[in-house]
There are 2 protein chains.
Amino acid sequence: MPEETLDDPAYRASVVDLYGVLAYAELAAFAQMASDSQMAPSTELKARLGRCAVVEFGHYERVVAELAELGVTPEQAMAPFRRAVDDFHQRTRPSTWLEALVKAYVGNGIATDFYGEIGRYVDDRTREVVTAAGADAATADFVIEVVRGEIRRDRRVSGRLALFGRRLVGEALTQGQQVAAERDALAALAIGTVGRGGADLTEIAAMSQRLTERHSDRMANLGLDA
Amino acid sequence: MPEETLDDPAYRASVVDLYGVLAYAELAAFAQMASDSQMAPSTELKARLGRCAVVEFGHYERVVAELAELGVTPEQAMAPFRRAVDDFHQRTRPSTWLEALVKAYVGNGIATDFYGEIGRYVDDRTREVVTAAGADAATADFVIEVVRGEIRRDRRVSGRLALFGRRLVGEALTQGQQVAAERDALAALAIGTVGRGGADLTEIAAMSQRLTERHSDRMANLGLDA
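Thresholds, definitions, all that
Residues numbered from 1 in each chain as written. Chains lettered and ligands numbered in written order. Predicted model: local features only at pLDDT ≥ 70, side-chain atom pairs only at ≥ 80, totals over all residues. Heavy atoms only, no water. Helix = DSSP H or I, 4+ residues; strand = E, 2+ residues; numbered from the N terminus. Rg over C-alpha atoms; globule rule 2.2 N^0.38 Å. Buried < 20%, exposed > 50% of the residue type's maximum accessible area, 1.4 Å probe, protein only. Areas by Shrake-Rupley, 256 points an atom, 1.4 Å probe, with all protein chains shown as cover. Lys, Arg positive; Asp, Glu negative; His and termini not counted. Charge placed at Lys NZ, Arg CZ, Asp CG, Glu CD. Phe/Tyr/Trp six-rings, centres within 6.5 Å; stacked < 30°, edge-to-face > 60°. Contact = heavy atoms within 4.5 Å. Salt bridge = Lys/Arg side-chain N within 4 Å of Asp/Glu carboxyl O.

**Student:** Please set out the overall build of chain A residue by residue, giving values where relevant.
**Tutor:** Looking only at helices and strands, chain A has 10 helices and zero strands in total. Its C-alpha atoms give chain A a radius of gyration of 18 Å, within 12% of the compact-globule value 17 Å for 226 residues. Taking the principal axes of its C-alpha atoms as reference, chain A extends roughly 55 × 35 × 25 Å. Burial analysis of chain A (226 residues in total) assigns 53% to the buried set. For chain A, the computed accessible surface area is about 9,800 Å², with 53% contributed by carbon and sulfur atoms. Counting 26 positive and 34 negative side-chain charges, chain A places the averaged centre of each group 8 Å from the other.

If you want it as structure tokens, here you go:
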């Protein structure tokens, strides 16, 4: 398959959608994580989650710079995705510090896997932007360390956190499918059919399946049942 | 007066206290502003307040680096000031987007004035750190622009915002006096009497007076009664 180029209007529209959802997801994650840092039991942990949030903001700015290259304002690109991302956060608001950590790791993980799926079908430059936005090993290491430690100390927390993890992946897939249904350009990009007709629901279901499997791996990393 | 040096244990303890309150104030302001950005009426404004929050986090990291030079962990230095700063935020939680903006500008402004007061009595290096941490012209410009615009559109918002501004300065001074009463080392630094006996209450009252006057100037910048 020849590489897509941004000269193709359909492909270009798909990339703008991709950057739009990516930018708003990063911006919202930044605010959520920084806000959640207020629940930290110590100043050290507060600063650590704060630093993870600042990394997200850096990703946001990188994507905004790419949008500027394409002559699109961040506001235009982000607008179609605001409701879905806000709804996700509204419905998965952490009520404890540990839930906040699980959300930071699991939420970012699902997003990164999704970008990985899309990365298979985009041009090199776009893939680089998307991959850089998903890279967040520091948050993962930090969360795994703290959550595993807490579970060792008190095994009873794990049932509730496992439940919260299921809510996270359920809401992420619900909102993702909502977006796919509304935004043909993005859905086509996600399953590699830009310029070859609309979204294929079977492909989207298969992708949801893969995302769910990788979510289970992450829950296992935390010492939790998926 | 010969310049103080960090070889003097009393002066050194004062500087550690100063960095501790500064670091925790920056960390808390970062989390508060990022959290408040979720109330923004547009993605553009959300990103702008988010960027202001990230600047605060950079200040925090700069101060932490200075503490490391002094061989003090951020946790040790911040611990004594956690309650006062948290109480301030608890009692001045913005309930609207405009209150969040007023708080970002007015709160930072009071802190910066306070650091300016202290800067008169510290060594050059410490003054530089403190001044850099207070520098935040971008937030001021942004808030003044947005708040004045909103007041032009609907004059009725100004009464409520003026009230909120009075609450901010009142709580800031209350918490500041609390800290001064508990932390002799910091109080001595604030009024230039390190190594020359405890805090002078008259001097502290005079400083509160100056801080209140500058607060009135800021409220006027916003188009609000102090």
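Additional details are given in the paragraphs that follow.
**Student:** Let's hear about the packing of aromatic side chains: which residues, and what values?
**Tutor:** Considering all chains together, one arrives at seven aromatic pairs over all chains under this definition. An aromatic cluster is built from Phe30(A), Phe57(A), Tyr60(A), Phe30(B), Phe57(B) and Tyr60(B), whose rings are joined through pairwise contacts.

**Student:** Can you explain the environment of Thr43(B)? Please cite residues and give values.
**Tutor:** Mapped onto the elements of the fold, Thr43(B) is located in helix H2 (residues 43-69). Judged by its relative accessible area of 5%, Thr43(B) is buried. Sequence-distant contacts of Thr43(B), that is, excluding residues within four places in its chain, are made with Tyr24(A), Leu27(A), Glu75(A), Met78(A) and Arg82(A).

**Student:** Residue-level account of the pattern of salt bridges, with values.
**Tutor:** Should the charged atoms of two oppositely charged side chains come close, the side chains can pair. Taken as a whole and assessed by the stated rule, the structure comprises 36 salt bridges over all chains. For Glu61(A), the salt bridge identified is with Arg51(B), shortest N-O distance 2.5 Å. Linking Glu61(A) in helix H2 (residues 43-69) with Arg51(B) in helix H2, this pair reaches from one chain into another. Take Glu61(A): its relative accessible area is 34%, and that puts it in the partly exposed class.

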